[in-house]
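# Secondary and tertiary structure notes
Listed here are the chains, written in short residue letters.
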Amino acid sequence: MQPQEHQRTNHEGCPPLAGILLAVSVALVTLGVQCIHGVPEMLQWQRSGGVEWTWMTSHLSHWSWNHLAWDLFAFGLLSLLCLRLLPSRYATCLLVAAVFIPLEVQINQQHIESYRGLSGLDTALMGLLVAALWRQPNEGHSCGVSQVLAVLGGGSFLAKTMYELTTGGTVFVSAGNEPFVPVISAHFVGFVCGFLVGIFKSMSRLPWNNGAIILKASLPSL
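Presented here is a report on the structure given in the accompanying data block.

Definitions and limits used
Residues numbered from 1 in each chain as written. Predicted model: local features only at pLDDT ≥ 70, side-chain atom pairs only at ≥ 80, totals over all residues. Heavy atoms only, no water. Helix = DSSP H or I, 4+ residues; strand = E, 2+ residues; numbered from the N terminus. Buried < 20%, exposed > 50% of the residue type's maximum accessible area, 1.4 Å probe, protein only. Areas by Shrake-Rupley, 256 points an atom, 1.4 Å probe, with all protein chains shown as cover. Axes fitted to C-alpha atoms, helices over the stretch in contact; angles between N-to-C directions. Left-handed = near helix turned anticlockwise from the far one by under 90°. Contact = heavy atoms within 4.5 Å. Nonpolar A, V, L, I, M, F, W, Y, C, P; charged D, E, K, R; others polar. Salt bridge = Lys/Arg side-chain N within 4 Å of Asp/Glu carboxyl O. Patch = residues over 30% accessible without salt bridge, like charges linked within 9 Å, V, L, I, M, F, W, Y side chains within 5 Å. Disulfide = S-S within 2.5 Å. Core = buried A, V, L, I, M, F, W, Y, C linked by side-chain atoms within 4.5 Å. Expected span 1.5 Å × (residues − 1).

## Focus: the overall build of the protein
- Within the protein, the secondary structure is distributed over ten helices and two strands.
- Secondary structure elements of the protein, listed N to C terminal, follow the sequence α-α-α-β-α-α-α-β-α-α-α-α.
- The buried share among the 222 residues of the protein stands at 45%.
- Element-wise, carbon and sulfur atoms account for 68% of the exposed surface of the protein, whose accessible area totals about 12500 Å².

## Some remarks on the packing of helix α7 (residues 119-134) against helix α9 (residues 184-199)
- For the pair α7 and α9, interaxial distance at closest approach is 6 Å and the crossing angle is 35°. Between α7 and α9 lies a crossing of right-handed hand. Taking contact as the criterion, the partners of S119, G120, T123, A124, M126, G127, L128, V130, A131 and W134 in α7 are, on α9, A186, H187, G190, F191, G194, F195, G198 and I199.
- Grouping the constituent residues of the contact of α7 with α9 by class yields ten nonpolar, eight polar and no charged.

## A look at the pattern of salt bridges
- Taken as a whole and assessed by the stated rule, the structure comprises one salt bridge.
- A salt bridge links E41 to R116, with the shortest nitrogen-to-oxygen separation between them at 3.9 Å. Of this pair, E41 sits in helix α3 (residues 39-43) while R116 sits in the loop between β2 (114-115) and α7, placing them 75 residues apart in sequence.
- The exposure class assigned to R116 is buried, which follows from its relative accessible area of 8%.

## As for a nonpolar patch on the surface
- A contiguous nonpolar patch, built from L17, I20, L21, V24, L28, L31 and W65 and spanning about 700 Å² of accessible area, is present on the exposed surface.
- The element contributing the most residues to the nonpolar patch is helix α2 (residues 16-35), with six residues.
- Structurally, W65 can be placed in helix α5 (residues 65-85).

## Describing the side chain of T57
- With respect to the helices and strands, T57 occurs in helix α4 (residues 54-57).
- You can call T57 buried: its relative accessible area is 17%.

## Details of the environment of C143
- Inspection of the secondary structure puts C143 in the loop between α7 and α8 (145-167).
- Not counting chain neighbours up to four residues away, the residues in contact with C143 comprise N138 and V148.

## Some points on the side chain of S185
- As for its position among the elements, S185 is in helix α9.
- On the basis of relative accessible area, S185 is assigned to the buried category, the value being 19%.
- Apart from the residues lying within four places of it in its own chain, the contact partners of S185 are E104 and Q109.

## Points about the state of the cysteines
- Per the stated rule, a full pass over the model turns up zero disulfides.
- For the unlinked cysteine C82, the closest cysteine sulfur is that of C93, found at 6.5 Å.
- The structure places no disulfide on C193, whose sulfur is separated from the nearest cysteine sulfur, that of C93, by 7.9 Å.
- Looking at C193, the relative accessible area reads 10%, which means it is buried.

## Some points on the nonpolar core
- Of all hydrophobic cores here, the largest spans 40 residues; its most connected members are F75, Y90, I101, V105, Y115, L121 and L125.
- Where this core is concerned, the elements lending two or more residues are α2, α5, α6 (90-108), α7, α8 and α9.
- Top contributing element to this core by residue count: α7, with nine residues.
- When neighbours within four sequence positions are excluded, V105 is seen to be in contact with W45, R47, Q110, I112, Y115, V183 and A186.

## A look at α7
- With 16 residues, α7 extends 23 Å between its outermost C-alpha atoms, agreeing within 8% with the 22 Å of an ideal straight helix rising 1.5 Å per residue.
- In terms of burial, α7 is largely enclosed, as 15 of its 16 residues are buried.

Pasting the structure below:
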């Protein structure tokens, strides 16, 4: 009975192949956007005079090739790890983070007029990776190697966040040479989104699925 439940959990959500295609598509579109003059400006989220749909496309535009290189490197590496450990949650992680990050910026970061970059989705994948490592079997021990790696990963993210909060700089991209400021809150929101999506044992336990479960249970059998 237990192996059947484990098998069902592994196949819920987004299939591995779909996750791979999604990751490749995001990477290729992001590169294409940066190659065409004027497109990053058109796709960025903008507080004043912006178009409504840019809250999604803002993740695909960047301020410079250096900004893009760092974001895309992290996106590729973290996507590879997440698709290896927890592929069924990959698409959900990106979608949830893509929605909540611009929303947080719009509500809580009133001094920010425009937003670009994959870095928020990168930290969402980092949160998903930490959750995936924590959920790995520990062979009967209270704490296995995967759980230690999860703690180290979460601790590293918190250390990076504290460094950026106290110094106003960035760990990877040299913000002093770039025409943007790091949006630390967006990174934190992304990490939390990814972690919450990944930590639940079943997708049916996610808060946004509760309504669908109740509705399904209330419908009469045909």
